[in-house]
Structures are given as structure tokens and as C-alpha cells.
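# Structural overview
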Amino acid sequence: MKKLVVFAVLLLAACAGPPRVTPSAGKGAIVGIVTARPHAELIEKFNNQDNDVADGYGSTAEGEMVFSKSMVNYPQIDDIYVGLTGNRPVAPATHDLVATEGGLSPQGIALALGDTVHIKNATSQSLTFFVTNEETDEFDEIDPIAPGQSGDLTITMEGTLDLGVDERDDLKAALLSKVGMATKRLKSGAGYAFNNLEPGTY
């Protein structure tokens, strides 16, 4: 059975014209294109401050936040992840993350249990990075990373995780960790391909 996971901040939609791949004999492939686009009806309801829709999206009809069509430039989103899970081994992967004075980039990463987040500290102070899972109270931390240096944080827990910094509350990111998940980070409109998959393993 196929399980395809898409992790992004905004609404996504698949469209035609995926990459062309040729699997080896006896193997399969999953291909597609992922795009982020405005959801016209939802935005319109936000504009009108509809109570039912606004509830849970950080706003109320009284106007804590005013939504508009210009809030997000959807075609330029580049924090879109497509993930493939299944009964198959996945080699550990490394995901790059950079800490600057303005924040962490990217601010969200989809990865597999056992993957490593390679962190570059581009700020002017030493930073101590940690990952937590609020549902299970699990916690991992690495030694401080000096300015201009890098460090590795291996993910040992599964679920929706918070990545933070002891010294800076404003530096944070969200992680989605699943056992055996192969992921690809894409920009809106880009194609993806998972090729040469063994039958019954995806």
C-alpha cells in the first residue's frame, strides 16, 4: 500500500506533468509535481472574519488578525516536503539548517528517524540546540556550537518535534519525524520521483 506524506505550512495540490523515470526491471516508481496555490474560498472567508473558519487559525471575528490575499506569495514557497513511507530500509540522510540573526532556515524539516540535522551557526554567539517531543517528554541536546561553526543533531524520536535554542527563544523550527521516511525538499511547481522501489515496500 502506498503512503505519501506531504509536509508544508500551506495548502498543496498535485498537478499533471511529473518527471519521467524508468524503473529497473521488476521495480516501481512514484512520481509527481507538488504546487502551493491560494485557496480562494478560504481566503475570502478569512477576509470576512468568518467565526467557523477563523477558529483554530489564530484569529477571531473580533479581529486579532486581518487576512488578505497579499499575505503570502504562494508560487515562491520553497519549504514543501514530499515524503514516502513504507516497509523498506532507508539510508540515514543529512538535512542542512542554518541559524542566522534573523531566524532558522528552513523553519520546517520532514525527515526519518535516525536522520541528522547538520546545523551551521551563522550568528555572533554560541548556540545550544535541542529537540523535544511534547507528547512523550523526550529531549535531545547537543554541545554548544560556536559562531561560524557547525554541529550535528541526530534525530532519535518520532512524531512532530520542536527544535529550539537555549540562548534564543526566537530561533525555532518544526520537525516531522517518521520511521523509514524518504523525503525531498521542493519549491512550488517542482517535480519529485521515488524510483526503483521494490514491490510491496511502498
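All figures in this text were calculated on a predicted structure; none of them were measured in a lab. (Residues numbered from 1 in each chain as written. Predicted model: local features only at pLDDT ≥ 70, side-chain atom pairs only at ≥ 80, totals over all residues. Heavy atoms only, no water.)

### Section: the confidence of the model for the chain
So the rule is basically this: You can read pLDDT as the predictor saying how much it trusts each residue, on a scale of 0 to 100. Segments assigned H or I by DSSP are reported as helices when at least four residues long, segments assigned E as strands when at least two residues long, and all are numbered from the N terminus. Residue contacts are counted whenever heavy atoms from the two residues lie within 4.5 Å of one another.
A residue-level look at the chain finds 71% of positions with pLDDT of 70 or above and a mean pLDDT of 80. Confidence, read as mean pLDDT per element, is least for strand 2 (residues 12-15) in the chain (42) and greatest for strand 8 (residues 116-121) (98). Here residues 6-15 is modelled with pLDDT under 50, and outside its nearest four sequence neighbours on either side it reaches 32 contacts, counting other chains as well. Taken together, the stretch residues 53-63 has pLDDT below 50 and engages in 16 contacts with residues farther than four places along the chain or on a different chain.

### Things to note about the environment of Ser188
Using the following cut-off: A simple rule labels every residue: compare its accessible area, found with a 1.4 Å probe on the protein chains alone, to the largest value its type can have, and call it buried under 20%, exposed over 50%, or partly exposed in between.
By the secondary structure assignment, Ser188 is in the loop between strand 14 (182-186) and strand 15 (190-197). Overall, the relative accessible area of 18% leaves Ser188 in the buried class. As a C-alpha pair, Ser188 and Thr35 span 153 residues in sequence and 4.4 Å in three-dimensional space.

### Quick word on the sheet that holds strand 9 (residues 129-133)
As a reminder, the rule being used: Whether two strands pair comes down to DSSP finding at least two bridges between them. Here, axes are lines fitted to C-alpha atoms. For helices the fit covers the stretch in contact, and angles between N-to-C directions go from 0 to 180 degrees.
Pairing is mixed in the open sheet, where five strands are placed in the order 7-13-12-9-10. Whereas interior strands pair on both sides, the edge strands pair on one side only; in this sheet they are strand 7 (108-112) and strand 10 (138-141). Across the sheet, the axes of successive neighbouring strands diverge by a mean angle of 25°, strand direction being ignored.

### A few points about the side chain of His95
Quick note on the threshold: Polar contact is defined as a pair of N or O atoms within 3.5 Å, subject to the rule that within protein one atom must be able to donate a hydrogen and the other to accept it, and that residues adjacent in sequence are counted only when both atoms are side-chain atoms.
One can find His95 in strand 5 (residues 94-100). Judged by relative accessible area, which is 11%, His95 ranks as buried. A distance of 2.8 Å separates polar atoms of two side chains, one belonging to His95 and the other to Asp115. With sequence-adjacent residues up to four places away left out, His95 is seen in contact with Ile109, Ala110, Leu111, Asp115, Thr116, Val117, His118 and Thr183.

### Quick notes on unusual backbone geometry
Residue Pro106 is bonded to the preceding Ser105 through a cis peptide linkage, with omega at 0°. Following the sequence through the fold, Pro106 ends up in the loop between strand 6 (103-105) and strand 7. Of note, the phi angle at Asp137 is positive, near 65°, even though the residue is not glycine. Secondary-structure assignment places Asp137 in the loop between strand 9 and strand 10. One non-glycine residue, Asn196, adopts positive backbone phi at about 55°. On the secondary structure map, Asn196 appears in strand 15.

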